[in-house]
Amino acid sequence: MTLDDLRVFVAACRTGSLSAVARDLSCTQSAVSQHIKRLERELGLSLLERHPRGVVPTPAGQLLQNAAAGGLGDIDHALRRLNDLAHGEAGSVRITTGATTVRHFLSDAIVAFRRRHPQVSLEFQTAHSSRSCFDALIAGGLDLAWITLGAPVKGIEQRPVIELPWVLAVHRDDPIAAKPLITTADLAEIQLIGLPEETTSRARLDAWFTEHGVSPASDTSVADWDTALLLAELGLGHAIVPDLPGWRGPGHPDLHLIPIPELPTLWTGWAVRRWDALSPLAKSFAVTVGHNCPVGRVRGQASAEGHGES
């Protein structure tokens, strides 16, 4: 078997689609199938189950996927580190994160990092959830993922950086806007704008609602926090979102953000395969974010430099 065989197989397991892998690799679906068949012939086992809507790994395939994904990630990471060593400071830092993260959390850090390392390439890959970020990290080729911290994930280190309290976003003329804070009882009366499915923030909210017996009415859902805030500002419902100061102030005169102190705060920060295996440039960028992030309560520098992992 070859590394390309394993890479194609892992990609097929991750996407659940041979055609999607073919598109990503700019090759034919037949070529992708040949990589899989070569592995199956060598091992004498079926690795993928074919279904009308895609493929899923067999038990044997799951075993190989778990072993190969981590190994390929390590190899790809080592190759990038070697390339950085060969080219000195003219290396790269690759980050995966949500669509609005750069604006809310990383913009000042990007400017500061670029001034210190003008020759370094910063590459951003958009993901739709923390789970997607984890998959991208495990697959290799990326250094860092900015995520909403959640449950432990095998093979991933999560490091908290910024703590964000929750707020209820409403139009300034909404009757609830006069309240100084929002209680659990208040939430039973709101018209909720739902956060994106399969995200950590949505899962946290749903779990808290269930625990406290709250079932807000909801007829609208969105793809990101910013869209939820925009709809609330337009008076089209109420949004429970992390407190993002960029939405406060004269730029949004019709938006009112009310604290929800009973709702546990949300932590955002870094996910990496192994912190001690990061390149100096990637570590420098991660620490720069902690020093320059303009929102929330920032975790102490000791955490950013290697403590407090979860």
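You'll find the structure just up there.
Below you will find a few notes about this structure. In this numbering scheme, every chain counts its residues from 1 along its sequence in written order. pLDDT decides what is reported in this predicted model: residues at 70 or higher carry local features, side-chain atom pairs at 80 or more are listed and counted, and totals for whole chains, interfaces and linings draw on all residues regardless. As a convention, hydrogens and water are excluded, and side-chain values are obtained from all of the structure's heavy atoms.

## Structural notes on the packing of aromatic side chains
Aromatic contacts are taken between Phe, Tyr and Trp rings whose centres are within 6.5 Å, Trp giving its six-membered ring; a plane angle under 30 degrees counts as stacked, one over 60 as edge-to-face, and the others as tilted. Under the counting rule described, the total for this entry stands at five aromatic pairs. Taking the centre distance of 5.5 Å and the plane angle of 35° together, the rings of Phe105 and Trp146 count as tilted. Taken as a pair, Phe105 in helix α5 (residues 101-116) and Trp146 in strand β5 (residues 144-148) lie far apart in primary sequence, 41 residues in all. The classification of residues rests on relative accessible area computed with a 1.4 Å probe and restricted to protein chains. Under 20% of the type maximum is buried, over 50% is exposed, and intermediate values are partly exposed. Residue Phe105 is classed as buried on the basis of its relative accessible area, which comes to 3%. By relative accessible area, Trp146 is classed as buried at 4%. Taking the centre distance of 5.4 Å and the plane angle of 90° together, the rings of Phe113 and Phe285 count as edge-to-face. Highlighted residues: Phe113 in helix α5 and Phe285 in helix α10 (residues 280-292), separated in sequence by 172 residues. Secondary structure follows DSSP: runs of H or I at least 4 residues long count as helices, runs of E at least 2 residues long count as strands, and numbering of each begins at the N terminus.

## Things to note about the nonpolar core
With 58 residues, the main nonpolar core has Val93, Phe105, Leu144, Leu187, Ile240, Trp270 and Phe285 as its most contacted residues. In this structure, Val8, Ala11, Val32 and Ala69 belong to the second largest nonpolar core, which totals 20 residues. As used in this record, nonpolar core signifies buried Ala, Val, Leu, Ile, Met, Phe, Trp, Tyr and Cys residues forming a set joined through side-chain atoms within 4.5 Å.

## Considering helix α9 (residues 225-233)
Burial of α9 is extensive: seven of the nine residues sit out of reach of the surface. All buried positions along α9 are accounted for by Trp225, Asp226, Ala228, Leu229, Leu231, Ala232 and Glu233. Here a polar contact is taken to be a pair of N or O atoms separated by no more than 3.5 Å, where protein atoms must pair a possible hydrogen donor with a possible acceptor and residues adjacent in sequence count only if both atoms sit in side chains. For α9, the side-chain oxygen to backbone nitrogen distance between the N-cap and Asp226 is 3.1 Å, and the N-cap itself is Asp224. Phi for Gly235, located one or two positions after α9, is positive at around 80°.

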